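# A look at the structure
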Amino acid sequence: MSMDFKTAIAPISEESFFRDYYEKKHLVIRRDQADYYSKLLSVADIDWALTTLGLSTPEVNVTQADRDISGADFAYEGGFVDSVAVNQLFDEGATIILSNLQERLPKLATFCRALEKVFSARIQTNIYLTPAQSQGFKAHYDGHDVLVLQVEGTKEWRIYDTPVELPLQEQGFDPHEIAIGDMTDRFVLEPGDMVYVPRGVTHDAVSTDQTSLHITTGLMTRSWADVMVEAVRMLALNDVAFRESLPPGFANGGFDDTRCEAKFQQLLDKISAAALDPLLDAARDDFISTRLPRAHGQLGQIQKISALDAGSTLSARPDLIYRLTDLPEKDGQAASVALSCQGTIITLPDFTKEPLSFALSNSGYKLSNLPGDLDEGGKIVLIRRLVREGLVTIDD
């Protein structure tokens, strides 16, 4: 079973998730299928990662709700983790946390890529291994939405009020200033179960009589506030009115703020007239250009290139996110198409656009079946380039 977003939230549909739950309220899914997420992670994977990968802080953290544990308790002076010390703390009731393990474990990376395709956002994982009858964190809320996948063991979750709805990063949880409020729900996640918790919803979790392993998948989305900030930045690059200084003495007592009102309104009017398309294009370009390649098995693919022919079966790499931009003829240069994908931009002749789009959007096709006007030699040249760039795989 391949694990993507649709599978992760089944039997809830994507339509229902986004309509009824996303950024609105938590969702608990029970399955009575203990091995549902077992292909994503196991306790054996955690042991392997801790003992063989040479991890360091903050990739690994150890925490306990009723005990102060510092990095000096489980890491060497240079930051590298002492796996023996980590396991000793775990035996004493502490929770082991592995951050961004998708950068180390291909099966988690593949899952995150599938979610990135759905949310157009960076996806990160935090892995929590908690001994029986233990608690890693006291009640808190997160600054990003999370999908929690229970892999092994059981954990009791408690949901409280939402003191800050959809908080910004600057509105992080402060236990000294923010009350957790009344408990609104309480449930136990069994292996194969899932809970979605929107950012701002206060929660905590305690393992039961079993060691618990779960994946917290963080959705690092962009907000409309981010778009508005970018709008001001773009306007300021081209309009000196935004770059003028505040009036001299504005911080002094008795300063007449009414002197600034007309100027402020003038700038607001310019912001309200800003075009959305360039802002969304900038957000798309930033996301696509910073999305690193996931080209597992690429060495083997390079070795297959020499045998490429019309009968070769090909597939686009799963969950590619890309943009094709038409570049018109200019200064004697022929028209072309720019492909932006996985942090790189490739420029190809414009007559390759149709077969290029097909090659990046389909799987299990024959090279000879590429659409467009390219002859067999041209198709081989195109596919060779796409295989070298880690965008297409040769399946046989």
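Since the structure is predicted, the reported quantities are computational estimates derived from the model, not experimental observations.

### Re the pattern of salt bridges
- Under the defined criterion, the tally for this structure stands at 21 salt bridges.
- Where Arg 284 meets Asp 281, a salt bridge forms, and the shortest distance between an N and an O atom there is 3.0 Å. One end of the pair is Arg 284 and the other is Asp 281, both in helix α8 (residues 276-289) and three residues apart, which spans about a single turn.
- Classification of Arg 284 as partly exposed rests on a relative accessible area of 42%.
- The closest approach of N and O atoms between Arg 385 and Glu 389, which form a salt bridge, is 3.2 Å.
- With relative accessibility at 29%, the residue Glu 389 sits in the partly exposed group.
- Here the residues in one salt-bridge network are Asp 281, Arg 284, Asp 285 and Arg 323, joined through shared partners.

### Side note on the packing of aromatic side chains
- For the structure on display, the rule yields 13 aromatic pairs.
- Ring geometry for Phe 18 and Tyr 22: centres 5.3 Å apart, planes at 80°, overall edge-to-face.
- Under the relative-accessibility criterion, Phe 18 is labelled partly exposed at 28%.
- For the pair Tyr 141 and Phe 173, a centre-to-centre distance of 5.3 Å together with 80° between the ring planes defines the contact as edge-to-face. Residue Tyr 141 is found in the loop between β4 (122-130) and β5 (145-152), and its partner Phe 173 is found in the loop between β6 (155-159) and β7 (185-189); the two are separated by 32 residues along the sequence.
- Here the aromatic cluster, defined as three or more aromatic residues joined through ring pairs, consists of Phe 5, Phe 17, Phe 18, Tyr 22, Phe 119 and Tyr 196.
- One residue, Arg 31, lies across the ring of Tyr 36, its end atom 4.0 Å from the ring centre.

### Some thoughts on the sheet that holds strand β15 (residues 363-366)
- Taken in spatial order, the three strands make up an open sheet running β15-β11-β16, and their pairing is antiparallel. The open sheet terminates on both sides in strands that have one partner only, identified here as β15 and β16 (392-394). Each strand of the sheet is rotated relative to its neighbour by a mean of 35°, with strand direction disregarded.
- Note: strand β11 (residues 313-316) against β15, three bridges, orientation antiparallel. Paired with Leu 314 across the bridge in β15 is Tyr 365.

### Points about the nonpolar core
- Formed by 49 residues in total, the largest nonpolar core has its most connected members in Phe 17, Leu 41, Ile 46, Leu 98, Leu 101, Ile 127 and Met 194.
- Ranked by residue count, the leading element in this core is helix α5 (residues 106-119), at five residues.
- Residues within four places of Ile 46 in sequence aside, it is in contact with Leu 41, Leu 98, Leu 101, Ile 127, Leu 129 and Leu 213.

### Section: the layout of surface pockets
- Looking at the largest pocket, its volume works out to about 640 Å³.
- As for the largest pocket, its lining consists of 23 residues, of which Ser 120, Arg 222, Val 227, Leu 280 and Ala 283 are closest to the centre.
- Ranked by residues supplied to the lining of the largest pocket, first place goes to α8 with eight residues.
- Considered class by class, the residues forming the lining of the largest pocket number 14 nonpolar, three polar and six charged.
- Taken together, 28 residues form the lining of the second largest pocket, with Tyr 128, Phe 137, Lys 138, His 140 and Asp 142 sitting closest to its centre.
- Listed by contribution, the elements that provide at least two residues to the lining of the second largest pocket are β4, β5, β6, β9 (203-207) and β10 (212-220).
- Tallying contributions element by element places β4 first for the lining of the second largest pocket, with four residues.

### Points about helix α3 (residues 43-52)
- For α3, the set of buried residues is Asp 45, Ile 46, Ala 49 and Leu 50. Projection of α3 onto a plane perpendicular to its axis shows the buried side chains occupying an angular sector of 125°, all on one side.
- Buried residues along α3 sit in contact with β2 (60-63), α4 (83-91), β3 (95-99), α5, β4 and β10.
- Phi turns positive one or two residues past the end of α3, at Gly 54, with a value near 65°.

### A closer look at a negative patch on the surface
- A cluster of acidic side chains, namely Asp 309, Asp 375, Glu 376, Asp 395 and Asp 396, defines a negative patch on the protein surface.
- Among the structural elements, Asp 396 can be located in the segment after β16.

### Overview of the environment of Arg 199
- One can find Arg 199 in the loop between β8 (194-197) and β9.
- By relative accessible area, Arg 199 is classed as buried at 12%.
- Setting aside chain neighbours within four positions, we find Arg 199 in contact with Glu 23, Asp 142, Gly 143, His 144, Asp 145, Leu 166, Pro 167 and Thr 221.
- Looking at Arg 199, its side chain comes within polar contact range of the side chain of Glu 23, at 2.8 Å.

### Describing the sheet that holds β9
- With antiparallel pairing, three strands are arranged side by side in an open sheet as β7-β6-β9. Sheet topology places β7 and β9 at the edges, where each strand pairs with a single neighbour. Taken pair by pair, the neighbouring strands of this sheet meet at an average axis angle of 20°, ignoring direction.
- Here β6 runs beside β7; their pairing, made up of five bridges, is antiparallel. Bridge assignment links Ile 159 to a residue of β7, and that residue is Asp 185.

### Considering helix α2 (residues 14-21)
- By the burial criterion, the buried members of α2 are Ser 16, Phe 17 and Tyr 21. End-on, the buried residues of α2 take up no more than an arc of 100°, which puts them together on one face.
- Once α2 ends, the next one or two residues include Glu 23, with phi positive near 60°.

Cut-offs applied
- Residues numbered from 1 in each chain as written.
- Predicted model: local features only at pLDDT ≥ 70, side-chain atom pairs only at ≥ 80, totals over all residues.
- Heavy atoms only, no water.
- Salt bridge = Lys/Arg side-chain N within 4 Å of Asp/Glu carboxyl O.
- Helix = DSSP H or I, 4+ residues; strand = E, 2+ residues; numbered from the N terminus.
- Buried < 20%, exposed > 50% of the residue type's maximum accessible area, 1.4 Å probe, protein only.
- Phe/Tyr/Trp six-rings, centres within 6.5 Å; stacked < 30°, edge-to-face > 60°.
- Lys NZ or Arg CZ within 6 Å of the ring centre and 35° of its normal.
- Pairing = 2+ DSSP bridges.
- Axes fitted to C-alpha atoms, helices over the stretch in contact; angles between N-to-C directions.
- Core = buried A, V, L, I, M, F, W, Y, C linked by side-chain atoms within 4.5 Å.
- Contact = heavy atoms within 4.5 Å.
- 1 Å grid on protein atoms, 1.4 Å probe; cavity = no way out; pocket = protein on both sides within 12 Å on 5 of 7 lines; lining within 4 Å.
- Points joined across faces, edges and corners; volume = space filled by probe spheres on them.
- Nonpolar A, V, L, I, M, F, W, Y, C, P; charged D, E, K, R; others polar.
- Arc of directions from axis to C-beta.
- Patch = residues over 30% accessible without salt bridge, like charges linked within 9 Å, V, L, I, M, F, W, Y side chains within 5 Å.
- Areas by Shrake-Rupley, 256 points an atom, 1.4 Å probe, with all protein chains shown as cover.
- Lys, Arg positive; Asp, Glu negative; His and termini not counted.
- Charge placed at Lys NZ, Arg CZ, Asp CG, Glu CD.
- Polar contact = N/O pair within 3.5 Å; in protein donor to acceptor, adjacent residues only side chain to side chain.

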